Each structure stands twice: as C-alpha cells, then as structure tokens.
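Spelled out from the first residue to the last, the chains are:
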Amino acid sequence: MVKSSKEQIEADEIKILKELRKNSRLSYNDLAEKCGFSRQKVWRLVNDLENNKTIWGYSTVIDE
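Residues numbered from 1 in each chain as written. Predicted model: local features only at pLDDT ≥ 70, side-chain atom pairs only at ≥ 80, totals over all residues. Heavy atoms only, no water.

**What to know about the packing of aromatic side chains**
No. 1: As enumerated under the stated definition, the model contains 0 aromatic pairs in all.
No. 2: Its end group placed over the ring of F37, K41 keeps NZ or CZ at 4.5 Å from the ring centre. (Phe/Tyr/Trp six-rings, centres within 6.5 Å; stacked < 30°, edge-to-face > 60°. Lys NZ or Arg CZ within 6 Å of the ring centre and 35° of its normal.)

**Looking at helix α3 (residues 39-51)**
The periodicity of an α-helix, 3.6 residues per turn, causes residues three or four places apart in sequence to face the same way.
No. 1: Under the 1.5 Å per step criterion, the end-to-end length of α3 is 18 Å for 13 residues, consistent within 8% with the ideal 18 Å.
No. 2: All of the buried residues along α3 are V42, L45, V46 and L49. Burial along α3 is one-sided: seen end-on, the buried residues are contained in an arc of 100°. Looking at α3, the residues exposed on the side facing more than 90 degrees away from the buried face are Q40 and N51.
No. 3: For α3, the secondary structure elements touched by its buried residues are α1 (5-22) and α2 (28-35).
No. 4: One or two residues past the end of α3 sits K53, with phi positive at roughly 70°. (Helix = DSSP H or I, 4+ residues; strand = E, 2+ residues; numbered from the N terminus. Expected span 1.5 Å × (residues − 1). Buried < 20%, exposed > 50% of the residue type's maximum accessible area, 1.4 Å probe, protein only. Arc of directions from axis to C-beta. Contact = heavy atoms within 4.5 Å.)

**Overview of the side chain of E19**
No. 1: With respect to the element layout, E19 can be found in helix α1.
No. 2: In this structure, E19 is in contact with L26, L31, K34 and C35, ignoring residues within four places of it in sequence.

These results come straight from atomic positions and should not be treated as a statement about function.
Below, the structure written as structure tokens:
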C-alpha cells in the first residue's frame, strides 16, 4: 500500500525530530545524512516545524 503524501511528510518530520532530540546542534548537512534526505528537504522541514511551533526552541542540558 502506498503512503499518502501527508503520511510520508509526517514520517519524515518524525525522523528529523528524533535526530534533533538526540543532538539539536546537528548541521543541516549532518541531519540530512543521518535521515537520508537532501539538505534542502531538511531545511524546509525544519523551517516548517519551527514556523508551526512544533520546534519552539533549542536548549542546553548540563550534566553535573
């Protein structure tokens, strides 16, 4: 069964979010390599996630 475009976009966004959860400092190039996407696709998806407030900030956690 072929996934709809919306399902595929959601799956792609989840891949990006999982990688950003591991390391939010990844460059678009590194993120694209880890997810198997083009750099342009990663930039577009991250930008969309930031604009729709799914990603609303990046923070540092210090392990004392």
